[in-house]
Number of protein chains: 2
Amino acid sequence: MNPSHPTPTSASARPDGARVARAALTRLVEPGDELPAHAVAAFGPERALALLTGRAALHPAERDLLAEHTGAPDGLARRWSAGLQRWAPRAAHLDPERDLVALHRLGGGLLIPEDDAWPAALEDLGESAPLGLWFRGTGALPAAGRTLAVVGSREATAYGRAVTRQFVGHAVRAGLCVVSGGAYGIDGAAHRAALDAAQERGGAGGAEASAPTMAVLAGGLDRFYPAGHEELLRDVMEAGLLLSEMPPGASPTRHRFLQRNRLIAALSGAVLVVEARWRSGAQNTAGHAMGLGRELGVVPGPVTAPSSAGCHRLLKETPARLVMDEDDALALLDGVRRPAGRGAPGGTAADTGTSRAPEPSVAPTSAPGTRGERRQRHAERPTDALTVEELLVVDALPLRSAVPVDRLTVTAGLALPTVLAVLSRLQRAGLAERVEDRWRRAPGGGGTVEG
Amino acid sequence: MNPSHPTPTSASARPDGARVARAALTRLVEPGDELPAHAVAAFGPERALALLTGRAALHPAERDLLAEHTGAPDGLARRWSAGLQRWAPRAAHLDPERDLVALHRLGGGLLIPEDDAWPAALEDLGESAPLGLWFRGTGALPAAGRTLAVVGSREATAYGRAVTRQFVGHAVRAGLCVVSGGAYGIDGAAHRAALDAAQERGGAGGAEASAPTMAVLAGGLDRFYPAGHEELLRDVMEAGLLLSEMPPGASPTRHRFLQRNRLIAALSGAVLVVEARWRSGAQNTAGHAMGLGRELGVVPGPVTAPSSAGCHRLLKETPARLVMDEDDALALLDGVRRPAGRGAPGGTAADTGTSRAPEPSVAPTSAPGTRGERRQRHAERPTDALTVEELLVVDALPLRSAVPVDRLTVTAGLALPTVLAVLSRLQRAGLAERVEDRWRRAPGGGGTVEG
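Residues numbered from 1 in each chain as written. Chains lettered and ligands numbered in written order. Predicted model: local features only at pLDDT ≥ 70, side-chain atom pairs only at ≥ 80, totals over all residues. Heavy atoms only, no water.

*Asks:* Can you lay out the interface of chain B and chain A for me, pointing to particular residues and giving the numbers?
*Replies:* With 25 residues of chain B in contact, the opposing surface of chain A contributes 25 residues. Taken together, chain B and chain A are joined by two salt bridges. Notably, a salt bridge pairs D328 of chain A with K316 of chain B, separated by 2.7 Å at the nearest N-O pair. Elements that contribute at least two residues to the side of chain B that touches chain A include exactly α8 (158–173), α13 (309–317) and α14 (326–331) of chain B. Looking at the side of chain B that touches chain A residue by residue, the classes come out as 13 nonpolar, three polar and nine charged. (Contact = heavy atoms within 4.5 Å. Salt bridge = Lys/Arg side-chain N within 4 Å of Asp/Glu carboxyl O. Helix = DSSP H or I, 4+ residues; strand = E, 2+ residues; numbered from the N terminus. Nonpolar A, V, L, I, M, F, W, Y, C, P; charged D, E, K, R; others polar.)

*Asks:* Can you break down unusual backbone geometry residue by residue, with the values?
*Replies:* All names here are of chain A. Across the junction of Y225 and P226, the peptide omega takes the value 0°, indicating a cis bond. Not every positive phi belongs to a glycine, and E436 is a case in point at roughly 55°. Assignment of secondary structure puts E436 in the loop between β11 (432–435) and β12 (438–441). E436 gets classed as exposed once you look at its relative accessible area, which sits at 72%. (Buried < 20%, exposed > 50% of the residue type's maximum accessible area, 1.4 Å probe, protein only.)

*Asks:* Go over helix α9 (residues 186–200) of chain A with me, naming the residues and quoting the values.
*Replies:* Residue and element names in this part refer to chain A. For α9, built from 15 residues, the straight-helix expectation of 21 Å at 1.5 Å per residue is met to within 8% by its first-to-last C-alpha distance of 21 Å. With 11 of its 15 residues buried, α9 lies for the most part within the structure. Among the residues of α9, those classed as buried are I186, D187, G188, A189, A190, H191, A193, A194, L195, A197 and A198. (Expected span 1.5 Å × (residues − 1).)

*Asks:* For the relation of the copies chain B and chain A, give the residues involved together with the corresponding values.
*Replies:* Least-squares fitting of chain B to chain A yields an RMSD of 0.1 Å, with the superposition described by an axial translation of 0.0 Å and a rotation of 179°. One copy is carried onto the other by what is essentially a two-fold rotation axis. Proximity to the rotation axis, assessed at the C-alpha, singles out G301 of chain B in chain B; its C-alpha lies 2.4 Å from the axis. Comparing contact sets, 100% of the residues at the interface of chain B also lie at the interface in chain A, consistent with an isologous, same-surface contact. (Least-squares fit on C-alpha atoms with pLDDT ≥ 70 in both.)

*Asks:* An account of the confidence of the model for chain A is requested, with residue identities and associated values reported.
*Replies:* All names here are of chain A. Chain-level statistics for chain A give a pLDDT mean of 84 and a share of 82% at 70 or above. Overall, residues 1–6 carries pLDDT values under 50, and its contacts beyond four positions in sequence, including any with other chains, amount to nine contacts. Scored below 50 in pLDDT, residues 338–380 shows 80 contacts in the model against residues more than four places distant or in partner chains. (pLDDT = per-residue confidence, 0-100.)

*Asks:* Break down the pattern of salt bridges for me, with residues and values.
*Replies:* Going through the model one piece at a time under the given rule, you end up with 46 salt bridges over all chains. Across the pair D99 of chain A and R98 of chain A runs a salt bridge, and its minimum N-O distance is 3.7 Å. For R98 of chain A, a relative accessible area of 46% gives the class partly exposed. In this structure, D124 of chain B and R294 of chain B form a salt bridge, with 2.8 Å as the shortest nitrogen-oxygen distance. In this pair, D124 of chain B is assigned in the loop between β1 (108–111) and β2 (133–136) and R294 of chain B in the loop between α12 (281–291) and β8 (295–298), connecting sequence segments 170 residues apart. On the accessibility criterion, R294 of chain B (11% relative accessible area) is buried. Each of the salt bridges in this network shares a partner with another, and the network as a whole consists of D16, R19 and D115 of chain A.

In structure tokens, the structure reads:
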């Protein structure tokens with residue numbers, strides 16, 4: 001095995017307290033919740049878990065240390081108290097050993113920052129770095145600066161697929177790993193082209209080779225989502241890796257898709273958007289890429305094609321680089337360096353406690369700004385103006401059979417008072433419907449989950 | 001008649017010494033020759049003509065004044081002497097009154113800087129401003145800031161034609177005048193769309209209306225080039241204007257096409273490139289637009305289409321704005337103001353004597369730079385590395401029957417020693433062939449004239 005390309009399996013073979021605690025944390029905490037990351041940075045994963053689940057109380061000295069880590073001592077007591085309410089509903093349902101065994105049986109495990117194989121590039125996310133990374137597969141993690149994300153619309157055209165195939169094939173033959181989200185459309189075309197190119201390049205991947213492709217999924221790795229991509233994702237797993245910050249059984253919600261996009265950007269030396277509609281998940285990934293200082297490349301297309309409207313928007317409104325051929329795509333990684341050495345193993349991670357990843361400048365959940373306003377053809381979705389909390393509750397609401405509120409607190413990972421307040425707002429907005437003492441999505445409210 | 005939109009005809013109705021002298025100058029001097037422009041600025045057109053043709057000698061006081069105008073006194077005597085040799089071959093063939101009568105019979109005339117209708121925007125060209133502007137047609141010159149150039153490849157695709165039609169139609173319905181070069185492909189589609197939109201907008205043009213479209217041609221206006229566009233160019237003439245700095249009978253050479261492009265850029269508030277191959281005349285026009293501070297818009301297309309490769313190159317390598325719809329095209333003219341008042345009539349033009357239009361940063365006659373070098377698919381043409389003088393001689397060489405050298409001095413507008421030296425270089429390069437005492441283009445040397 002190439003020591004410079006450690007496989008996650010080698011790391012996850014040692015179960016330990018940190019790993020078990022982090023496995024629990026990935027189930028307890030919704031991605032992007034920053035207070036737990038500060039707690040882990042301050043106290044280590046095991047003590048943080050005890051505190052977050054309410055099994056232990058925060059000592060005054062710990063409170064000071066946490067305040068130091070967050071850099072915002074004012075209101076910390078209130079934030080901590082709100083967090084405890086938010087985490088409590090799920091605290092009762094944790095069984096990290098079972099999750100670790102489940103993933104081990106599926107040929108995977110949990111990669112944690114204490115492992116040597118942990119991708120240092122994830123630390124660019126600061127306090128929104130994942131608490132752990134579940135994986136399946138035997139491909140070796142690629143070296144930093146050797147990963148190119150290729151993302152785009154689910155509704156890809158023949159043009160988009162052909163360009164993806166051409167550019168990805170060239171990148172993989174040049175030894176790169178192509179990262180994507182496993183979705184229909186451009187994502188799927190990117191994974192498939194990477195697998196085909198790897199086979200041409202000789203060797204079927206496996207434990208000896210650096211992964212030609214990695215799929216970062218929004219839900220747990222015990223199932224393949226979308227279902228129509230099961231065969232593709234199995235092939236990705238065999239030659240490369242499936243990754244997710246969500247534990248087995250976790251469903252892919254809209255919020256988790258958007259959070260997943262930050263991992264695609266962070267894991268990649270550069271991000272290439274092949275086709276994107278006026279508002280699309282690919283633009284969210286692009287926003288994360290810019291926020292993280294990753295080079296962003298965008299492929300133009302016919303201005304008459306809605307499938308390229310988001311690409312042209314990125315080229316007009318951001319410093320994205322126009323990519324017109326496979327050489328341009330490879331050149332996105334020119335100058336990408338291995339990130340500076342990360343904190344020593346053991347969870348001190350002092351450098352992750354205070355740095356904040358900048359806000360992405362393009363976020364599809366926000367209004368598209370003045371330029372977008374005059375484009376009447378790009379209609380607002382009913383869920384566009386929602387807060388993260390509202391989005392979490394909408395995602396947690398079933399479409400048909402209504403569920404009780406305490407179930408929503410678990411699914412959404414929010415405190416009871418928050419869920420009640422949000423439900424009332426959603427009801428007024430016509431997005432949630434009350435059926436006796438239970439709740440469900442209102443008919444016509446909210447869209448499908450974003451891929 | 002709208003006094004703010006003077007027709008050129010109203011100005012050219014008064015024949016005078018300046019007009020006759022400038023008519024002669026447009027035949028004597030090859031476009032882009034800057035010393036004659038300095039002489040005209042210093043001495044007025046009539047005295048300048050006498051000096052340039054050798055009918056009068058430069059007094060010492062005039063030499064000092066000319067040196068002041070050129071801003072480069074060193075070597076002026078040598079430059080002037082070389083100029084006299086360059087202009088002498090054509091000096092014997094001038095008959096400006098005949099040219100003025102010829103254009104008048106064709107429903108046109110010569111517009112000169114001394115006319116109130118002279119487009120002030122042309123003065124942005126500094127010493128490379130045209131010495132006069134021949135025209136045919138009755139449409140009124142549009143107000144400054146109300147002109148949009150739309151240019152592109154001769155080999156236009158159905159996509160390029162459709163986009164041109166859509167964007168131009170919108171621009172003309174919004175009251176703009178669309179300027180182009182009358183060539184096959186995008187140019188022709190732009191003129192046709194402008195004419196159709198003008199007809200929809202009501203009124204068939206004519207003397208009362210501001211021209212919906214103007215075609216700037218590289219040769220004399222007594223013939224329609226390309227021949228296949230005779231009907232289109234007649235329609236442009238009827239609703240709008242045909243313009244050229246070349247006198248009747250002048251043939252459209254490659255050099256004149258490139259020089260013509262500077263007029264398209266200067267006459268327009270902004271330039272829109274719809275489709276352009278990796279090297280194309282449209283890129284030359286784009287280079288002039290940037291050099292003149294005109295806003296440059298570029299329409300992207302499929303990266304798989306060679307017809308858009310030049311567009312993508314412009315978007316990558318220049319500050320051009322990506323134009324994805326008709327609103328973007330109109331927005332190119334946002335902020336374009338009527339240029340500051342020009343010099344008083346009578347040719348003092350003190351503000352044009354020293355300002356120099358910056359070099360266009362993209363010129364198709366030069367090598368495409370480092371990025372271009374790795375693109376093996378874009379082969380060099382044999383004429384790519386030629387100097388302006390060499391280009392003039394190549395253009396002057398007939399393809400079949402060989403001509404004597406003195407004939408080449410007239411056609412190319414170059415002095416005899418220069419033509420002899422250039423012919424010897426072209427012969428070594430396999431571009432010129434000697435047949436006894438005559439010369440012609442070598443078989444396979446040089447391409448067709450650029451449109």
